[in-house]
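Here's the letter readout for the chains.
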Number of protein chains: 2
Amino acid sequence: MTRLFNDPVNFVDEATEGFVAAHAQRVCQVPGGVIRRTRSEPGTVAVVIGGGSGHYPAFAGLVGQGLAHGAVMGNLFASPSAQQVYNVCKAANNGGGVLLSFGNYAGDVLHFGQARERLIREGIPCEIVAVIDDVSSASQEELHKRRGIAGDLTVFKIAAAAAEAGYSLEEVVRISRAANLRTRSMGVAFDGCTLPGSKDALFHVPAGKMAVGLGIHGEPGISEQAIPTADALAELLVSHLLEEVPDGVKSVKGARASVLLNGLGSIKYEELFVVYRRVNQLLEAAGIEIIEPEVGELVTSLDMAGASLTLFWLDDELERLWKAPADAPAYRKGSLEPAPPIDASKLDIPDADEIPAASEPSIAAARCLYRALSATRKVIDDNVEELGRLDAIAGDGDHGIGMQRGAVAAELAAEEAVSRSAGAGTMLRLAAEAWADRAGGTSGAIWGVMLNALSLTLGDDETPSAAHYADGVTKAKEDVMTFGKAKAGDKTLVDALIPFSDALSQAVAAGDDLSTAWQKASAEATAAAEATAQLSPKLGRARPLAKKSVGTPDPGATSLAMILTAIQTVIDQPVAEVS
Amino acid sequence: MTRLFNDPVNFVDEATEGFVAAHAQRVCQVPGGVIRRTRSEPGTVAVVIGGGSGHYPAFAGLVGQGLAHGAVMGNLFASPSAQQVYNVCKAANNGGGVLLSFGNYAGDVLHFGQARERLIREGIPCEIVAVIDDVSSASQEELHKRRGIAGDLTVFKIAAAAAEAGYSLEEVVRISRAANLRTRSMGVAFDGCTLPGSKDALFHVPAGKMAVGLGIHGEPGISEQAIPTADALAELLVSHLLEEVPDGVKSVKGARASVLLNGLGSIKYEELFVVYRRVNQLLEAAGIEIIEPEVGELVTSLDMAGASLTLFWLDDELERLWKAPADAPAYRKGSLEPAPPIDASKLDIPDADEIPAASEPSIAAARCLYRALSATRKVIDDNVEELGRLDAIAGDGDHGIGMQRGAVAAELAAEEAVSRSAGAGTMLRLAAEAWADRAGGTSGAIWGVMLNALSLTLGDDETPSAAHYADGVTKAKEDVMTFGKAKAGDKTLVDALIPFSDALSQAVAAGDDLSTAWQKASAEATAAAEATAQLSPKLGRARPLAKKSVGTPDPGATSLAMILTAIQTVIDQPVAEVS
């Protein structure tokens, strides 16, 4: 378990501060993460990696000459925000464009994707390679759904070595994708890790058992079995990985591969070496030439008890890049001439507090939207216990409290933004970040996504029309469905959001003004939220009690319908009263 | 807990094999441990480190250019044998003498010391620096009694950098001792580690508590307290270490120091960084300039939950050597030109099976001694249950079984040696190693020490006389008291060994033949063993039930007296019957 912390709320910030103090010669801190302390060749691609914290050496320990140019550091096991990604990219940019790489998780895909859009809008070329090495997380036919685990390292290393060698962004993308498609990992777990301040681990595996394919955040695995001998584990992992030889590898016999045997936290070095002994025998017997393997802790999950094996199938170009020297806090290879340090005072670090200039109509719209957020906060305040009660039937009962925390934070952030003449887009972005940050949990992330979608649609220049709002709601619906992977009928907020969005778009297209259209649409949402009582929830590992909720409306759909109804009063208010 | 292993008996051998396979470019295996795969400058000092296994990166992970030339790898948490140390030194020797460095534990001191004597006898200059950084393990007045923990790294690094810079052995010793005296560590523990195959941890700390100063093998600490915050832990460790500024450091303000914050296995990186944040603040506030700190896992104890802080107070010379580049499997720093590989086929690797030539009288004596070992095995076989019963009153009841395992192994090794015409010294050395290896535990180590002392006294050339045997027994007594730290009256084997040794020496000096002298002396031993029933054992943390044993003779003293009496029959046998 995790034992050493102060206030758990500050754990990641304090760990980051300590990390930067210990490695001041190699990295420097910027808002959202860290970047290299050493200078890169102007015009070269910057490789920016990242994800949730708690996986050291991933991600900050992999920043340095020959490896990543920057790492974005989210909260524990939580995706960093789009703003964090943007900040680190701006500071790491060398003028050759940015490659973003991270494990393929919904939150990361969303936030890195949002940051990419913003960078491109600002004229900075940016591409994404999401790592998909975990063979247990989806079938070979659905490669794009696979998660990223220890294979992160091979993709990051290849991308960075290519950038260092002067490859163009297009070429860095090409070779990083090739590395991604030639990297396969499989993991096992024996016990979960404990977040700072928690009484118990995130999950447990039954004593004496091993979960095959369990993810590094406890995502469901593919089977459970008695803990095997070290040799039998090696045989299991190698045989699974050899079943899936990537396209482009003509024959296993004679192939070259690097091998990573990764410990997740409390499976220790001597154990890993005992397993590696057999891995090495098996791969050599299969005729594979092993190139510069790594045995140790590369991507951890705090003190989780688990391990994974990665095969990285090389060709000449990949082998050359894999062997290239690197000097990061937690990964060093070969010998390289230290580059001169950067002048940290001249970094392009976005001012997190900066409010971009906005048009007058957008500033006026921001004032209206602030009123909508106040109404949102008020209706949640009034219904916090009822929402908690609904959630307690099938869940952990924190929906009311979580919504309250998020709505309060968003209202405060919006008030501050409005007082500084923010446009609608900026105000909504700040409110989205505040909501997601403070609420936590799934509902916090989803409300962050919805407000962000509105923010991107409205921007700071346009005069928002009814059509703009309808488009923003449509984008919010689409992003939520991409992020949350929920479909209509799954008994989630989506069941109210889809009819609302559809009705709003239809009414606006038919010529209704915003007030009329909103009224029709929110009535649809309310009816749909009530109708969720009849639905059977889609059962997931995380919601074993959810079937108890048949007969009760979904709390997320209910709170959405309440908020949409409450906002009607703001829309109907004369604009004069709003300011 | 340790989960991945095959037969626990083979754990260390298999881990070593896997380690060497993973790092084949840096190290190669020799009997007893590993040496660098890269060539060193002829005539330079070889730095050989080592100790028990289970502490990776210590010790094998610290072998490589700029760091150690070789590492001797004992069993889990058990000192390597003198033969292992000797083998690694012979293979690592570059013609400039050998510096041996290791944590200051009795078994290591003994076995590295025995190997040193042998190397010197063979004309290879050899010196020892035993690391004594753990401030909790003895007072400042008894520095030489302190244990070595994570501060191992600073002494090893300085010794190796000095050797690499061409220092003579005398100069390497000087600067390594200086580093040793300027290194101070303090550790805390939250829970013990589990040996492969064991059902439970080596020790536990009560839940929610922290043991201050507990050793890396569970040696008693100085206090127990509630687990503090990360900041409070930093404050505790820093304040203790600043109380003990080494001689030669004029003032804390303005001093330079390196800092190691070491995790023992399952206290993870992010936690260490949170603690380091405050350590860094406190040391900077005290006016200390921090030079190239390390935060991570440097000296572990399998998956033990614990951490330690080390301050290494630098001067100009130490700072230069600390900053020198190094490239070992688990410790890399700076940039260095890779040295060419050695030709592993030309290593001076002692043949473990070789039986050195011996004189005829020594070969004849070996045959007599083999009969003595047979008689030993037989008397233990006959009394194994009785010895177990005596031990079960205060201990874990395994004294009989342990003695049996050791005596059987020693008899077999002696038989093999005699069949190959070994002299008395070689035969006893092989029997000593077999006994210590197979018996395990304290009694195994002690019987190994006694037989080794006899081996060194008799050698392979001399015609053993009664005086030789008396001298050998005296050395055995002295070595056991040094190794086991037991005094007369502590209710141990020493209570029978002292009167036996004294009586034997006295009778032989007075002109008695061996049979008469042995008879008098073994009668003294038997009486003394029986008298231990009246003694109160010295209570140690490991023996909470020992006071129950008042009224029962000590099992170790009893088995010794039985064996001495049984040997009398061999001495009285005509020599003709012996061969």
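Residues numbered from 1 in each chain as written. Chains lettered and ligands numbered in written order. Predicted model: local features only at pLDDT ≥ 70, side-chain atom pairs only at ≥ 80, totals over all residues. Heavy atoms only, no water.

Q: Account for the overall build of chain A, with residues named and values stated.
A: Secondary structure assignment for chain A yields 17 helices and 15 strands. Taken over C-alpha atoms, the radius of gyration comes to 25 Å for chain A, in line with the 25 Å a tight globule of 579 residues would show. Dimensions of chain A along its principal axes, counting C-alpha atoms only, are 75 × 55 × 45 Å. In chain A, which comprises 579 residues, the share counted as buried stands at 61%. Expressed as a percentage of contacts within chain A between residues at least 6 apart in sequence, the contacts between residues at least 24 apart total 73%. Only carbon and sulfur atoms are counted for the fraction: they give 52% of the accessible area of chain A, which is about 21700 Å². (Helix = DSSP H or I, 4+ residues; strand = E, 2+ residues; numbered from the N terminus. Rg over C-alpha atoms; globule rule 2.2 N^0.38 Å. Buried < 20%, exposed > 50% of the residue type's maximum accessible area, 1.4 Å probe, protein only. Contact = heavy atoms within 4.5 Å. Areas by Shrake-Rupley, 256 points an atom, 1.4 Å probe, with all protein chains shown as cover.)

Q: Could you give an account of unusual backbone geometry, naming the residues involved and the relevant values?
A: Geometrically, the link from tyrosine 56 of chain B to proline 57 of chain B is a cis peptide bond, its omega value of 5° lying close to zero. The omega angle of the peptide bond from alanine 58 of chain B to phenylalanine 59 of chain B is 5°, so this bond is cis rather than trans. Structurally, phenylalanine 59 of chain B can be placed in the loop between β3 (46-53) and β4 (70-76). Positive phi outside glycine occurs at serine 421 of chain A, with the angle close to 60°.

Q: I'd like a rundown of the sheet that holds β3 of chain B, residues and numbers included.
A: What holds strands together in a sheet is hydrogen bonding between their backbones, with the strands either parallel or antiparallel. Residue and element names in this part refer to chain B. Read from one edge to the other, the open sheet built from 6 strands follows the order β1-β2-β4-β3-β5-β6, with strand pairing classed as mixed. Either end of the sheet is taken by a strand with one partner, and the two such strands are β1 (27-30) and β6 (126-131). Taken over all neighbouring pairs, the strand axes of this sheet differ in orientation by 25° on average, direction set aside. Relative to β4, strand β2 (residues 33-36) is paired through 3 bridges, and the arrangement is antiparallel. (Pairing = 2+ DSSP bridges. Axes fitted to C-alpha atoms, helices over the stretch in contact; angles between N-to-C directions.)

Q: An account of the packing of aromatic side chains is requested, with residue identities and associated values reported.
A: Considering all chains together, one arrives at 18 aromatic pairs over all chains under this definition. Measuring from centroid to centroid gives 5.0 Å for tyrosine 56 of chain A and phenylalanine 273 of chain B, while their planes differ by 75°, and the two rings are edge-to-face. Note that tyrosine 56 of chain A is positioned in the loop between β3 (46-53) and β4 (70-76) and phenylalanine 273 of chain B in helix α7 (residues 269-285), a pairing that runs across two chains. A ring pair is formed by tyrosine 269 of chain A and tyrosine 56 of chain B, whose centres lie 5.4 Å apart and whose planes are at 45°; its orientation type is tilted. Taken as a pair, tyrosine 269 of chain A in helix α7 (residues 269-285) and tyrosine 56 of chain B in the loop between β3 and β4 lie in two separate chains rather than in one. The exposure class of tyrosine 56 of chain B is buried, given its relative accessible area of 7%. An aromatic cluster is present here, built from Phe19 and Tyr56 of chain A together with Tyr269 and Phe273 of chain B joined pairwise through their rings. Over the ring of tyrosine 86 of chain B we find arginine 118 of chain B, and its NZ or CZ is 3.7 Å from the ring centre. (Phe/Tyr/Trp six-rings, centres within 6.5 Å; stacked < 30°, edge-to-face > 60°. Lys NZ or Arg CZ within 6 Å of the ring centre and 35° of its normal.)

Q: Please set out the packing of helix α15 (residues 514-531) of chain B against helix α16 (residues 555-572) of chain B residue by residue, giving values where relevant.
A: Residue and element names in this part refer to chain B. Running from N to C, α15 and α16 cross one another at 160°; their axes reach a closest spacing of 9 Å. On the basis of the axis angle, α15 is roughly antiparallel to α16. At the point where α15 passes α16, the crossing takes the left-handed sense. Contact residues: Leu514, Ser515, Trp518, Gln519, Ser522, Ala525, Thr526 and Ala529 in α15; Ala557, Thr558, Ala561, Leu564, Thr565, Ile567, Gln568, Ile571 and Asp572 in α16. (Parallel < 35°, antiparallel > 145°, perpendicular 65-115°, else oblique. Left-handed = near helix turned anticlockwise from the far one by under 90°.)

Q: I'd like to hear about the relation of the copies chain B and chain A, residue by residue, with values.
A: Rotating chain B by 180° about the axis while translating it 0.0 Å along that axis superimposes it on chain A, leaving an RMSD of 0.1 Å. Classification of the inter-copy transformation places it as that of a two-fold axis. Interface overlap between copies is the fraction of interface residues in one copy that are interface residues in the other; for chain B against chain A it reaches 100%, indicating a shared surface. (Least-squares fit on C-alpha atoms with pLDDT ≥ 70 in both.)

Q: Explain the interface of chain B and chain A residue by residue, including any values.
A: Between chain B and chain A, the residue contacts involve 52 residues of the former and 53 residues of the latter. Summed over the shared surface of chain B and chain A, the result is 6 salt bridges. A salt bridge links lysine 268 of chain B to glutamate 297 of chain A; its shortest N-O distance comes to 2.7 Å. For the interface between chain B and chain A, the tally reads 31 residue pairs in polar contact (both at pLDDT 80 or more). The element best represented in the side of chain B that touches chain A is α7 of chain B, accounting for 10 residues. (Salt bridge = Lys/Arg side-chain N within 4 Å of Asp/Glu carboxyl O. Polar contact = N/O pair within 3.5 Å; in protein donor to acceptor, adjacent residues only side chain to side chain.)

Q: Which residues make up the UniProt feature "domain: DhaK" (unreviewed entry) in chain A, and what values do they have?
A: Mapped onto this numbering, the UniProt entry gives "domain: DhaK" (unreviewed entry) at residues 7-331 of chain A. Measuring from the first to the last C-alpha atom of residues 7-331 of chain A gives 30 Å, for a span that is 32% helix and 24% strand. (UniProt positions renumbered as here; feature names shortened; annotations may be inferred.)

Q: Requested: an account of helix α15 (residues 514-531) of chain A, with residues and values cited.
A: Residues and elements named next belong to chain A. The end-to-end C-alpha separation of α15 is 25 Å, in line with the 26 Å expected for 18 residues at 1.5 Å each. Those residues of α15 not exposed but buried are Leu514, Ser515, Ala517, Trp518, Ala521, Ser522, Ala525, Ala528 and Ala529. Angular distribution of buried residues about the axis of α15 spans 145°; they occupy a single face of the element. (Expected span 1.5 Å × (residues − 1). Arc of directions from axis to C-beta.)

Q: Can you break down the domain arrangement of chain A residue by residue, with the values?
A: Residue and element names in this part refer to chain A. Looking at chain A, the domain boundaries give domain 1 (8-329) and domain 2 (360-573). Summarising the inter-unit geometry, the C-alpha centres of domain 1 and domain 2 are found 34 Å apart. Each partner contributes to the interface: domain 1 provides 11 residues, whereas domain 2 provides 8 residues. In total, domain 1 and domain 2 occlude about 900 Å² of area from one another, counting both sides; carbon and sulfur atoms represent 59% of this. Applying the counting criterion to the domain 1 and domain 2 interface returns 0 salt bridges. Along the contact surface separating domain 1 from domain 2 lie 1 residue pair in polar contact (both at pLDDT 80 or more). (Domains from an automatic or database assignment. Buried area = accessible area lost by both parts, 1.4 Å probe.)

Q: Give me the lowdown on the pairing of strand β7 (residues 183-191) of chain A, citing residues and values where you can.
A: Residue and element names in this part refer to chain A. Counting buried positions along β7 yields 8 of 9 residues, so the element is predominantly enclosed. For β7 and strand β13 (residues 305-314), the ladder comprises 8 bridges, and the chain directions are antiparallel. If you follow arginine 184 over to β13, its bridge partner there is leucine 311. Relative to strand β8 (residues 209-212), β7 runs antiparallel, the two being bridged by 2 bridges. Looking at the pairing, valine 188 lines up with valine 212 of β8.

Q: I'd like a rundown of the sheet that holds strand β1 (residues 27-30) of chain A, residues and numbers included.
A: All names here are of chain A. Read across the open sheet, the 6 strands follow the order β1-β2-β4-β3-β5-β6; overall the sheet is mixed. What marks the edges here is a single partner per strand, and that holds for β1 and β6 (126-131). When the angles between neighbouring strand axes are averaged without regard to direction, this sheet yields 25°. Strand direction decides the pairing type here: β3 and strand β5 (residues 98-103), joined by 5 bridges, are parallel. Residue pairing across strands places glycine 50 opposite phenylalanine 102, the latter belonging to β5.

Q: An account of the pattern of salt bridges is needed here, citing residue identities and associated values.
A: All names here are of chain A. Scanning the entire structure with this criterion turns up 64 salt bridges over all chains. Here arginine 36 ties to glutamate 164 by a salt bridge, and the two come within 2.9 Å at their closest N and O atoms. Here glutamate 164 lies in helix α4 (residues 152-164) and arginine 36 lies in strand β2 (residues 33-36), a separation of 128 residues in the sequence. Residue classification places arginine 36 among the buried residues on the basis of a relative accessible area of 3%.

Q: Let's hear about the packing of helix α14 (residues 494-509) of chain B against α15 of chain B: which residues, and what values?
A: Residue and element names in this part refer to chain B. Across the interface, α14 lies against α15 with an axial gap of 8 Å and an inter-helix angle of 160°. By the angle class used here, α14 and α15 are roughly antiparallel. In this structure, α14 crosses over α15, and the sense of that crossing is right-handed. Between α14 and α15, the residues in contact are Asp495, Ala496, Pro499, Phe500, Ala503, Leu504, Ala507 and Val508 and Ala517, Trp518, Lys520, Ala521, Ser522, Glu524, Ala525, Ala528 and Ala529, respectively. A breakdown of the residues in the contact of α14 with α15 according to their chemical character gives 13 nonpolar, 1 polar and 3 charged. (Nonpolar A, V, L, I, M, F, W, Y, C, P; charged D, E, K, R; others polar.)

Q: Which residues make up the side chain of threonine 492 of chain A, and what are the values?
A: All names here are of chain A. Looking at the element boundaries, threonine 492 is found in the loop between α13 (466-484) and α14 (494-509). Of the residues examined, threonine 492 reaches a relative accessible area of 18% and is grouped as buried. Setting aside anything within four residues of it in sequence, one finds threonine 492 in contact with Ala486, Asp554 and Ala557.

Q: Run through the side chain of threonine 2 of chain B, naming residues and quoting values.
A: In this structure, threonine 2 of chain B sits in the segment before α1 (11-22). Classification of threonine 2 of chain B as buried rests on a relative accessible area of 2%. At 2.6 Å, the side chain of threonine 2 of chain B forms a polar contact with the backbone oxygen of threonine 194 of chain B. For threonine 2 of chain B, the residues in contact, after removing those within four places along its chain, are Glu271 of chain A together with Phe11, Thr194, Leu195, Pro196, Leu302 and Asp303 of chain B.

Q: Got a sec to walk through α7 of chain B? Specific residues and values, please.
A: Look at α7 of chain B: 24 Å from first C-alpha to last across 17 residues, which is about the 24 Å you get at 1.5 Å a residue. Directly beyond the C-terminal end of α7 of chain B, a positive phi value near 90° is found at glycine 287 of chain B.

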